[in-house]
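# Structural overview
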Amino acid sequence: MAEFHSQAPSQVEILAILETALPAYHDLAQLAASPLARWQIVHRAPGQQVGNRVQAVLAAALDVLRLGGTADAEDAQGRAYVLLDSLYRKGLPPKEIFEELLGVGKRQFYRERQRAMQALAAVLCRQETAAIDAWYQSLPPASYSRLFGRDSLVAGLLERLADQEGPGVIVLDGACGIGKTALGREAARWALRSGLFTTLVWQTAVKASLKKASVEEQTQAAARPAITPEALLDGIAQELGSTQWANLPTPEKQAAIARRLAERPTLLVVDNLDTVADGRALLDLLQQLARTPGTRVLITSRHRLENFDPLSSVHVQPLSGEDTLALVRHIAAERGLDELANAS
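This write-up is about the structure you can find in this document. (Residues numbered from 1 in each chain as written. Predicted model: local features only at pLDDT ≥ 70, side-chain atom pairs only at ≥ 80, totals over all residues. Heavy atoms only, no water.)

## Concerning the side chain of Gln-203
- Relative to the helices and strands, Gln-203 is located in strand 2 (residues 199-204).
- Ignoring anything within four residues of it in the chain, the contact list for Gln-203 reads Ile-227, Leu-232, Gly-235, Ile-236, Glu-239, Val-269, Val-270 and Asp-271. (Helix = DSSP H or I, 4+ residues; strand = E, 2+ residues; numbered from the N terminus. Contact = heavy atoms within 4.5 Å.)

## Regarding helix 1 (residues 11-21)
- Here helix 1 has its buried residues at Ile-14, Leu-15, Ile-17, Leu-18 and Ala-21. For helix 1, the angular spread of buried residues about the axis comes to 165 degrees, placing them on one side. Within helix 1, the exposed residues directed more than 90 degrees away from the buried face are Val-12 and Ala-16.
- At its buried positions, helix 1 is contacted by helix 2 (28-32), helix 4 (50-65) and helix 7 (106-137). (Buried < 20%, exposed > 50% of the residue type's maximum accessible area, 1.4 Å probe, protein only. Arc of directions from axis to C-beta.)

## Concerning the packing of aromatic side chains
- Under the counting rule described, the total for this entry stands at two aromatic pairs.
- Taken together, a centroid distance of 5.5 Å and an interplanar angle of 50 degrees make the contact between Phe-98 and Phe-109 tilted. Taken together, the residues span a long stretch of sequence, with Phe-98 in helix 6 (residues 94-101) and Phe-109 in helix 7 at a distance of 11 residues. Each member of the pair, Phe-98 together with Phe-109, is buried.
- Between Phe-109 and Tyr-110, the ring centres sit 4.8 Å apart and the planes meet at 80 degrees, which makes this aromatic pair edge-to-face.
- Among the aromatic side chains, those forming a connected cluster through ring pairs are Phe-98, Phe-109 and Tyr-110. (Phe/Tyr/Trp six-rings, centres within 6.5 Å; stacked < 30°, edge-to-face > 60°.)

## Describing the pairing of strand 5 (residues 312-315)
- By the alternation rule, side chains of strand 5 split into Ser-312 and Val-314, which are all buried, and Ser-313 and His-315, of which none is buried.
- Both strand 1 (residues 169-173) and strand 5 contribute to a ladder of four bridges, which runs parallel. Considered in strand 5, the bridge of Val-171 is made with Ser-313. (Pairing = 2+ DSSP bridges.)

## Section: helix 4
- With 16 residues, helix 4 should reach 22 Å at 1.5 Å per residue; the first-to-last C-alpha distance of 23 Å fits that figure.
- Here helix 4 has its buried residues at Gly-51, Arg-53, Val-54, Val-57, Leu-58, Ala-59, Ala-61, Leu-62 and Leu-65.
- On its buried face, helix 4 is in contact with helix 1, helix 2, helix 3 (40-44), helix 5 (76-89) and helix 7. (Expected span 1.5 Å × (residues − 1).)

## Section: the sheet that holds strand 3 (residues 266-271)
- In space, the five strands of this open sheet follow the order 2-3-4-1-5, with parallel pairing throughout. Of all the strands in the sheet, the pair left with one neighbour each is strand 2 and strand 5. Taking each pair of neighbouring strands and ignoring which way they run, the sheet shows an average axis angle of 15 degrees.
- In this structure, strand 3 lies alongside strand 4 (residues 295-301), joined through five bridges in parallel fashion. From the neighbouring strand, Val-269 faces strand 4, where its bridge partner is Leu-298. (Axes fitted to C-alpha atoms, helices over the stretch in contact; angles between N-to-C directions.)

## Remarks on the nonpolar core
- Judged by nonpolar contacts, the single largest core of 42 residues is most densely connected at Leu-18, Trp-39, Leu-58, Leu-84, Phe-109, Leu-120 and Leu-124.
- Among the secondary structure elements, those contributing two or more residues to this core are helix 1, helix 3, helix 4, helix 5, helix 6 and helix 7.
- Of all hydrophobic cores here, the second largest spans 27 residues; its members include Ala-237, Ala-256, Leu-282 and Leu-285. (Core = buried A, V, L, I, M, F, W, Y, C linked by side-chain atoms within 4.5 Å.)

## Re the environment of Ala-59
- Among the structural elements, Ala-59 can be located in helix 4.
- Separated by 30 residues in the primary sequence, Ala-59 and Arg-89 have C-alpha atoms spaced 8.5 Å apart.
- Setting aside anything within four residues of it in sequence, one finds Ala-59 in contact with Tyr-25 and Arg-89.

## Thoughts on the packing of helix 4 against helix 5
- It is at 8 Å that the axes of helix 4 and helix 5 come closest, and there the two elements cross at 145 degrees. Listed contacts from helix 5 to Ala-59, Leu-62, Asp-63, Val-64 and Leu-65 of helix 4 are Gln-77, Gly-78, Ala-80, Tyr-81, Leu-84 and Arg-89.
- Class assignment for the residues of the contact of helix 4 with helix 5 results in seven nonpolar, two polar and two charged. (Nonpolar A, V, L, I, M, F, W, Y, C, P; charged D, E, K, R; others polar.)

Written out as structure tokens, the structure is:
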């Protein structure tokens, strides 16, 4: 399982990586073996081949330095770009660069090269930090500060998600309020951090409020899915950054999404799939998407969907008495209710 950086490396670490990656700029196999291959910006880059994605990330970072774009002595950023682009992308000899392009001596050239590498490392550090921030934002807001009594469930979910031979759809079912969304979020967080997946798509099926509806209207609404296959595909496309697919016919839209999912390991979570109607409407589509290599689907539902094969069901049981007491004490302590937190 590939390691995933949940924090951006330091500039010192990036400098060490660049010392081997830049000389291998045109060697895609060596780039694929670089520590850069484990970065979020590389996972998010276009293309299926890892070496090509690493090269694209390096090219984009170099192009940021091109904002200056000249070799003028006062333009440090432009000189940094000219030096690194000429040395590593164009493969020019150092002597030609420092004599003809920069107009400096050999010692000055290597001093400027070091400063240029530092500038490039700073660009990559900013880009990776932004990518990691975006990764965390793909998770729904946490409704908890700590989970109690759920470690084995989370570990079991991760094992099922990692099992490439097992069902591609996993259903986390249990009573209302038992913590299915929290469990799904925690499993998704660890699956992403471990590198099992590099992309998360989270969709929530929410029914409209029926507080003022008649009994007949409520019955009819219960028989309708909270989210249609078309709406689910549109939501997935939007999270994948491909809103231009909205006007495609459904089969073409699904095929385009499957191609995009195949570019990188993806976890698709559908939260609150809470009615039999939802199951009938969406499970066939979700099972088709789960057949995409590297894609797994995690569903949370109040109902057991065992009649829809092939899928893997995980039933969430209530907390034990000990874990419930620990949870109550934890919440009480967070809210400053010391007497309750310390009660025996």
